[in-house]
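Residue strings, one per chain:
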Amino acid sequence: MEPNTLKPSELAQRAFNRIKEKENWLQGRYAEDKIGLCHPRNPEACKFCSIGALLSENPVYDYYYGSVFDALVEIAKDMHEGCENPMWFNDNHTHETVCEMWEKTIDSLKSKGL
């Protein structure tokens, strides 16, 4: 696997692009292909939850993944008091609200130069 050369904000945008359309978004599991449940890195995967989308773009828990995940946690906390888990946020909010979380996350990363 090639090392990641994207800035965290670019990685976040790519992950968000995977779930931006409601028909490509999931709740309760990381990813699905046309048959059903699959690994987020499966090339046939076509639906993702927030974290599945992030894993599909950057499958290793490195600085880039961590920067995006930490920003998602920060924004999820701001949007839902007591929430410390973007997976829970994804599974307990509407697609529109999840998209808002991603947009705010991307803006936050960009504002920090990441």
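Note that the coordinates shown come from a computational prediction; the quantities given were computed from them, not determined experimentally.

Let us now look at the overall build of the protein. In terms of regular secondary structure, the protein is built from 5 helices and 2 strands. Helices and strands in the protein line up, N terminus first, as α-β-β-α-α-α-α. Relative to the 2.2 N^0.38 estimate, which gives 13 Å for 114 residues, the radius of gyration of the protein is 13 Å and therefore close to what a compact globule would have. In the protein, which comprises 114 residues, the proportion classed as buried is 45%. Counted over contacts in the protein with a minimum sequence separation of 6, partners at least 24 positions apart contribute 54%. Counting only carbon and sulfur atoms, one obtains 48% of the accessible surface of the protein, whose full area is about 6,400 Å².

What follows concerns the packing of aromatic side chains. In total, this model carries 3 aromatic pairs according to the counting rule given. Ring centres of tyrosine 63 and tyrosine 64 lie 5.1 Å apart, and the angle between their planes is 80 degrees; this geometry places the pair in the edge-to-face category. A relative accessible area of 48% places tyrosine 63 in the partly exposed class. By relative accessible area, tyrosine 64 is classed as partly exposed at 25%. Taken together, a centroid distance of 6.0 Å and an interplanar angle of 10 degrees make the contact between tyrosine 65 and phenylalanine 69 stacked. With tyrosine 65 and phenylalanine 69 both in helix 3 (residues 63-79), this residue pair falls 4 residues apart, about one helical turn.

Let's shift gears to the nonpolar core. Looking at soluble globular proteins, one finds that nonpolar side chains tend to be buried together. Ile19, Leu54, Val68, Leu72, Val98, Met101 and Trp102 are the most contacted members of the largest nonpolar core, which totals 30 residues. Only helix 1 (8-19), helix 2 (50-57), helix 3 and helix 5 (95-111) provide two or more residues apiece to this core. Once residues within four sequence positions are removed from consideration, leucine 72 is found in contact with Ile51, Leu54, Pro86, Met101, Trp102 and Thr105.

This part covers helix 2. Every α-helix winds through 3.6 residues per turn, so residues three or four apart in the chain are directed the same way. Buried residues dominate helix 2, accounting for 8 of its 8 residues. Regarding helix 2, the residues found buried are Ser50, Ile51, Gly52, Ala53, Leu54, Leu55, Ser56 and Glu57. Packed against the buried residues of helix 2 are helix 1, strand 2 (47-48), helix 3, helix 4 (86-91) and helix 5.

Moving on, we come to the packing of helix 2 against helix 3. Where helix 2 meets helix 3, the closest approach of the two axes is 11 Å, and the angle between their N-to-C directions is 165 degrees. As summarised for this structure, helix 2 and helix 3 are arranged roughly antiparallel, according to the angle between their axes. Two packed elements cross with a definite hand, and for helix 2 against helix 3 that hand is right-handed. Of the residues in helix 3, those touching helix 2 at Ile51, Leu54 and Leu55 are Tyr65, Val68, Phe69 and Leu72. Along the lines of polarity and charge, the residues of the contact of helix 2 with helix 3 split into 7 nonpolar, no polar and no charged.

Procedures and definitions
Residues numbered from 1 in each chain as written. Predicted model: local features only at pLDDT ≥ 70, side-chain atom pairs only at ≥ 80, totals over all residues. Heavy atoms only, no water. Helix = DSSP H or I, 4+ residues; strand = E, 2+ residues; numbered from the N terminus. Rg over C-alpha atoms; globule rule 2.2 N^0.38 Å. Buried < 20%, exposed > 50% of the residue type's maximum accessible area, 1.4 Å probe, protein only. Contact = heavy atoms within 4.5 Å. Areas by Shrake-Rupley, 256 points an atom, 1.4 Å probe, with all protein chains shown as cover. Phe/Tyr/Trp six-rings, centres within 6.5 Å; stacked < 30°, edge-to-face > 60°. Core = buried A, V, L, I, M, F, W, Y, C linked by side-chain atoms within 4.5 Å. Axes fitted to C-alpha atoms, helices over the stretch in contact; angles between N-to-C directions. Parallel < 35°, antiparallel > 145°, perpendicular 65-115°, else oblique. Left-handed = near helix turned anticlockwise from the far one by under 90°. Nonpolar A, V, L, I, M, F, W, Y, C, P; charged D, E, K, R; others polar.

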